[in-house]
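Residue-level listing of the chains:
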Amino acid sequence: MPEHRIPMSSPDLTDAERDAVLAVLHTPHLSLGPEYPRFEQAMADYAGVKHAISVNSGTAGLHLCVRAAGLTTGDLTLTTPFSFMASSNVLLYENAVPVFVDVDPVTGNIDPALAAEAARDLKTGGAAARRWLPRRGASDTAPLKALLPVDVFGQPAEYDSLLETARAHDLTVIEDSCEAIGATYKGKLAGTFGRYGVFAFYPNKQITTAEGGIIVTDDDEAATLMRALRNQGRAPGDTWLQHTYLGYNYRLDELSAALGRVQMTRLDDLLAKRQRVANWYATHLEGLPEIEQPKILPATTKMSWFVYVVRVPAGVDRDAVIDRLGTRGIPARPYFAPIHLQPFMVERFGYQPGDFPITEDLGARGMALPFSSIMTEDQVADVCAALGESL
Ligand SMILES: *Cc1c(COP(=O)(O)O)cnc(C)c1O
């Protein structure tokens, strides 16, 4: 396969980021210095929340939310099988059980009507609950405690309905906004709908810290606990070798925090640049009507473009299209692979193909095209031309 002439994704960095990282290297404070509280303050101000807790990955952030929510062995959480693996893995870390409901075929976000039905049945228990539970690995008397929606590809889930379900059944909402920083649903920022929200900063995300993530919340008690857990379980007042809780090293280092702090000042600009690239795709894909473009719902008052995922028509071999794009020097990726069909999920819960048909259909037809804020219109046109030839 030839070298790809356009990268799949790319961070958008300036000398401001490079200078900030370099400045950290001129200090002795490479961790637990002044940069991470600055980054956290910038995020708390942006999101309009009381607390932002930086961590060294989005996954770590989600895991701390699961701990703060008190989810433990056997507890059930409603979530989506159409996501990046981490949103379910964090439940398994605590031996809690993800209970999947299928997704909306337009957005790929958790189907709010199915979530409402599942919540009601799972609270009822017994035969009603079994309809939603995996073939094995979950008990029909286990409590349903949480709802974990994912804002897929940068488009917020349907929060009016989801929050009503959560209220009706007393579920803690953990919002995986790792793909959606800056997006709004009916004017309100993604990440601020749940008790906790998480953003992630891997280099393909809208802003990056290299590796990193952050939790946003208004919950004082949870914030204190999360700050302790990320720092090896040290509660306020603990010395370096006192550990009140079973904790982790989930701290964000100072180089990453400095990078994130500068990226935050550019967030609006970066999102606007990504919107411009998405608009170019929409225009240049007009000549390929058989390709399904991403659809943005009216409730999505601002899209935060994370990836640009199109769908090939039913019956077209998506993987063959990806291979042919590759021989033309254009990378493309299947996106997402359904979580319930990953080998260890099948082994643990007995899932089978056909269990979540919409997720599987989107998983079979979805294809992420190269996307970043620094793409040019010529590159977008190049990708679309190669796609036309590859169909
Ligand atoms: C990126 C992402 C995460 C977190 O990923 P990390 O690599 O751990 O930062 C979690 N959930 C979703 C849906 C993501 O896209």
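Per-chain numbering applies: the sequence of each chain, read as written, is numbered from 1 onward. Local features in this predicted model are restricted to residues whose pLDDT is 70 or higher, and side-chain atom pairs enter the listing and the counts only when it is 80 or higher, whereas totals over whole chains, interfaces and linings include all residues. With hydrogens and water stripped out, all remaining heavy atoms of the structure feed into the side-chain values.

Notes on the site of the ligand
If a single non-hydrogen atom of a residue is within 4 Å of a molecule or strand, that residue counts as near it. Taken together, the neighbourhood of the ligand is formed by 13 residues, with Gly58, Thr59, Asp176, Glu179 and Lys205 sitting nearest. Under this definition, polar contacts are N or O atom pairs within 3.5 Å; protein pairs additionally need one hydrogen-donor-capable and one acceptor-capable atom, and for neighbouring residues in sequence, both atoms have to be side-chain atoms. One of the side-chain nitrogen or oxygen atoms of threonine 59 is found 2.4 Å away from an oxygen atom of the ligand. One nitrogen or oxygen atom from the side chain of glutamate 179 is found 2.6 Å from an oxygen atom belonging to the ligand. Under the convention used here, a 1.4 Å probe and the Shrake-Rupley method define accessible areas, while residue burial counts only the protein chains that appear. Across the complex, the protein chains shield 91% of the 390 Å² of accessible surface that the ligand would expose by itself. Looking at the shell around the ligand, the element that brings in the most residues is helix α3 (residues 58-68), giving 3 residues. Considered class by class, the residues forming the shell around the ligand number 5 nonpolar, 5 polar and 3 charged. Helical segments are the DSSP runs of H or I of at least four residues, strand segments are the runs of E of at least two, and each set is numbered from the N terminus. Amino acid classes used here: Ala, Val, Leu, Ile, Met, Phe, Trp, Tyr, Cys and Pro are nonpolar; Asp, Glu, Lys and Arg are charged; the rest, including Gly, are polar.

Considerations on the environment of glutamine 242
Here glutamine 242 shows up in the loop between α8 (220-230) and α9 (254-265). With residues up to four places along the chain from it excluded, the contact list for glutamine 242 reads Arg234 and Gly237. At a separation of 2.9 Å, a polar atom in the side chain of glutamine 242 contacts the main-chain amide nitrogen of threonine 239. Contact criterion: two residues are considered in contact whenever any of their non-hydrogen atoms come within 4.5 Å of each other.

Quick notes on the pattern of salt bridges
When a carboxyl oxygen of Asp or Glu is within 4 Å of a side-chain nitrogen of Lys or Arg, the pair counts as a salt bridge. The full count for this structure, using the stated rule, is 22 salt bridges. Measuring nitrogen to oxygen at the nearest pair gives 2.7 Å for the salt bridge that ties arginine 261 to glutamate 35. Taken together, the residues arginine 261 in helix α9 and glutamate 35 in helix α2 (residues 35-47) connect sequence positions 226 residues apart. Whether a residue is buried, partly exposed or exposed follows from its accessible area with a 1.4 Å probe, protein chains only, as a fraction of its type maximum: under 20%, in between, or over 50%, in that order. You can call arginine 261 partly exposed: its relative accessible area is 25%. Owing to a relative accessible area of 7%, glutamate 35 belongs among the buried residues under this scheme. Look at the salt bridges and you will find they share partners, linking Asp12, Glu17, Arg266 and Lys273 into a network.

A short note on the pairing of strand β11 (residues 308-311)
Here β11 shows two buried faces, one formed by Tyr308 and Val310 and the other by Val309 and Arg311. Each pair of strands is called paired provided DSSP finds at least two bridges between the two strands. Bridge count for β11 against strand β13 (residues 366-369) is 4 bridges, and the pairing is antiparallel. Within the sheet, the bridge partner assigned to arginine 311 lies in β13 and is glycine 366.

Some thoughts on the sheet that holds strand β7 (residues 188-189)
As summarised here, the arrangement of the 3 strands in space is β7-β6-β10, forming an open sheet in which the pairing is antiparallel. Edge positions in the sheet fall to β7 and β10 (300-302), since each of these pairs with one other strand and no more. Note: strand β6 (residues 184-185) against β7, 2 bridges, orientation antiparallel. Among the inter-strand pairings, threonine 184 is bridged to a residue of β7, identified as leucine 189.

Some words on the packing of helix α11 (residues 318-327) against helix α14 (residues 377-390)
Axes here mean lines fitted to C-alpha atoms, for a helix over just the part in contact, with angles spanning 0 to 180 degrees between N-to-C directions. Contact geometry of α11 with α14 gives a least axis separation of 9 Å together with a crossing angle of 125°. Classified by the angle their axes make, α11 and α14 are oblique. Like other packed secondary-structure pairs, α11 and α14 cross with a definite hand, here right-handed. Within the contact between the two elements, α11 uses Val321, Arg324 and Leu325 and α14 uses Val383, Ala386, Leu387 and Ser390. Each residue belonging to the contact of α11 with α14 can be placed in one class, and the counts come to 5 nonpolar, 1 polar and 1 charged. In these notes the angle categories are as follows: under 35 degrees is roughly parallel, over 145 is roughly antiparallel, 65 to 115 is roughly perpendicular, and the rest is oblique. Should the near helix be turned anticlockwise from the far one by less than a right angle, the crossing is termed left-handed; should it be turned clockwise, right-handed.

Here's the deal with the environment of threonine 14
Inspection of the secondary structure assignment puts threonine 14 in the segment before α1 (15-25). In the structure, threonine 14 is positioned 248 residues away from valine 262 in sequence and 9.3 Å away in space, judged by C-alpha atoms. A polar contact of 2.4 Å, which involves the side chain of threonine 14, links it to the side chain of glutamate 17.

Quick notes on the domain arrangement of the protein chain
Just so you know, the domain bounds were taken from an automatic or database domain assignment. Assigned domains within the protein chain: domain 1 (15-265) and domain 2 (267-390). Listed per partner, the contact involves 49 residues of domain 1 and 42 residues of domain 2. Both sides of the domain 1 and domain 2 interface together cover about 3900 Å² of buried area, and 61% of this is carbon and sulfur. Our count for the domain 1 to domain 2 interface comes out at 1 salt bridge. Taken together, domain 1 and domain 2 are joined by 28 residue pairs in polar contact (both at pLDDT 80 or more). When residues of the side of domain 1 that touches domain 2 are traced back to their parent elements, those giving at least two are α4 (86-92), β3 (97-100), β6 and α9. Class assignment for the residues of the side of domain 1 that touches domain 2 results in 23 nonpolar, 18 polar and 8 charged. Defined in terms of a 1.4 Å probe, buried area is the accessible area two parts forfeit on being brought together, summed over both.

Observations concerning α8
Here α8 has its buried residues at Ala222, Ala223, Met226, Ala228, Leu229 and Arg230. On its buried face, α8 sits against α2, β1 (51-55), α3, β8 (196-200) and β9 (213-217). Measuring from the side-chain oxygen of the N-cap residue of α8 to the backbone nitrogen of glutamate 221 gives 3.1 Å; that N-cap residue is aspartate 219. Where α8 terminates, the next one or two residues include glutamine 232, which has phi positive at roughly 60°.

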